[in-house]
Amino acid sequence: MTSGGKFAFRVVLTGAALLIGAAVHAQSAGSSGLVVQVNPEAHLSPSAAALAFQVTNPGDTVASQPVTVTAWVRSLPNQQIQLTAQPVSLTGPSGSVALSALHWNGSVMQATGGGTAAACTNGVFGNGPAAPLIASWTQSGIVTCSVTFSLATEDSWPAGSYKGQIGLSLFAQ
Amino acid sequence: MAGMKSRTATMLALTVAGVFSAPPKVNAAVMTVSNTLQAHIQANGSLSVPGTTTLSNTGTLFTSFSGSLTVQYRARSTSTGGGTLTLKVTQDFQTGGPSVSRGDLTYSCGAAGLGTACSSATASTTSATAVVTLPSSACTGGGTPCSATDPNSVPVTFTLADQPVDKTGTYTANVQFTISAT
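Report follows, based on the coordinates. The shown structure was predicted, so the numbers you read here are calculated from the model rather than taken from an experiment.

**Brief notes about the overall build of chain B**
- When you go through chain B residue by residue, the secondary structure sums to 1 helix and 13 strands.
- For chain B, with 182 residues in total, the buried portion stands at 35%.
- Of all intrachain contacts in chain B linking residues separated by at least 6 positions in sequence, the fraction that spans at least 24 positions is 72%.

**Examining the nonpolar core**
- Core analysis: the largest hydrophobic core is formed by 40 residues, its most contacted members being B:Val71, B:Leu85, B:Val131, B:Val156 and B:Phe177.
- Sorting the residues of this core by element identifies strand 4 (26-38) of chain A together with strand 6 (65-76), strand 7 (83-91), strand 8 (105-109), strand 11 (129-134), strand 12 (152-160) and strand 13 (169-181) of chain B as the ones contributing at least two each.
- For this core, the element with the most residues is strand 13 of chain B, which contributes 6 residues.
- Ignoring sequence-local partners within four residues, the contact set of B:Val131 consists of B:Val71, B:Leu85, B:Thr86, B:Leu87, B:Cys109, B:Cys118, B:Val154, B:Val156 and B:Phe177.

**Let's talk about the pairing of strand 8 (residues 67-74) of chain A**
All names here are of chain A.
- Burial of strand 8 is extensive: 6 of the 8 residues sit out of reach of the surface.
- Sheet analysis places strand 8 next to strand 16 (residues 141-151), joined by 7 bridges and oriented antiparallel. When the bridges of strand 16 are listed, Trp72 appears paired with Ile142.

**Some points on the interface of chain A and chain B**
- Counting residues at the interface gives 46 residues for chain A, matched by 57 residues for chain B.
- Among the elements of the structure, strand 1 (7-8), strand 2 (11-12), strand 3 (17-20), strand 4, strand 5 (41-45), strand 8, strand 11 (102-113) and strand 16 of chain A are those that each provide at least two residues to the side of chain A that touches chain B.
- For the side of chain A that touches chain B, the leading source of residues is strand 4 of chain A, giving 13 residues.
- Taken together, the residues that form the side of chain A that touches chain B break down as 24 nonpolar, 18 polar and 4 charged.

**So, the sheet that holds strand 11 of chain B**
- Strand order across the open sheet formed by 6 strands is 5(B)-4(A)-13(B)-7(B)-11(B)-9(B), with mixed pairing between neighbours. Of all strands in the sheet, those with a lone pairing partner are strand 5 (52-55) and strand 9 (116-117) of chain B, marking the two edges.
- With 8 bridges joining them, strand 7 of chain B and strand 13 of chain B adopt antiparallel strand pairing. Paired with B:Gln91 across the bridge in strand 13 of chain B is B:Asn174.

**A word on the environment of A:Ser96**
- Mapped onto the elements of the fold, A:Ser96 is located in strand 10 (residues 95-96).
- In this structure, the C-alpha to C-alpha distance between A:Ser96 and A:Gly164, residues 68 residues apart in sequence, is 9.7 Å.

**Structural notes on the sheet that holds strand 6 of chain B**
Residue and element names in this part refer to chain B.
- Pairing in this open sheet of 5 strands is antiparallel, and the strands run 4-6-12-8-10 from one edge to the other. Of all strands in the sheet, those bounded by a partner on one side alone are strand 4 (44-48) and strand 10 (120-122). On average, each strand axis in the sheet is tilted by 25 degrees relative to the strand beside it, whichever way the strands run.
- Sheet topology places strand 6 next to strand 12; 9 bridges connect them, and they run antiparallel.

What counts, and where the lines are drawn
Residues numbered from 1 in each chain as written. Chains lettered and ligands numbered in written order. Predicted model: local features only at pLDDT ≥ 70, side-chain atom pairs only at ≥ 80, totals over all residues. Helix = DSSP H or I, 4+ residues; strand = E, 2+ residues; numbered from the N terminus. Buried ≥ 20, exposed ≤ 12 C-beta atoms within 10 Å, placed from the backbone. Contact = placed C-beta atoms within 7 Å. Core = buried A, V, L, I, M, F, W, Y, C linked by C-beta atoms within 7 Å. Pairing = 2+ DSSP bridges. Nonpolar A, V, L, I, M, F, W, Y, C, P; charged D, E, K, R; others polar. Axes fitted to C-alpha atoms, helices over the stretch in contact; angles between N-to-C directions.

Structure representation (structure tokens):
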């Protein structure tokens, strides 16, 4: 077929192509479920308040600096949420003073959720159980009260420094 | 008899000649085959995430819930392209619980095995937000110029606000991760 007794034929195959990948813009996705368990919680700040009164002129109204009390509560349905205060001690220039001499006056500074229906209270501490600082709070939320403590005006307190301690509690039941 | 000997000798001579003579010339057939294999490698991406991630908190101080997952991914981008790994909340937590649409869910990213990880962002139910940004000529595995590991991974930590107004119960949201490359 060719000269010299040699023959060769050449086969050239061109054009076998392997395509890898199907699209210029490739996209893939996957999902994950985020699971959270929300439990009842309650948080109070502060849990106690230190009181300080300075009587300069006996007979004047004597009030402490306002105390900001914030309560966060997540309660179960149909629970009543209570924030209470219990005087622990009160002393003056002449020694111990009756805890019933303490008054409080509260006002709402901020409220969210079910706390918007709540009210910060006013009253006089007795010698009995703790007094409620918040009323009408039945659903989860946040309430911040500004509470001013004062000495009863019915008495004329001797001049001098008075100090006291108030314990605060928060619970739902 | 003499004729028979003569014929025998002739056959022997022909046989010897046939055995010892040169074989007929053989022409070798040389075939050269040339194949062109053309691999058209395009941009690609794939990922995997755990099916469930649990968010939890400690104490009773309304501290945020948190939980982490690791996204494993593979990517290849072109010299003129790039890519993204994003997340989007496709199903918000149920009514009464935490709310992604309220902005309760944020996330942050750890170091990414390939590309640039996010710092922190707020998750959304309406738009995809970045987890990893892939540069051009990115590729997974095999070492330089690709990443050293295969697959690549990026840790994502979710933080969910613990709002007092959220009612007690168990809630689930669905987060979709998407990787795309060009």
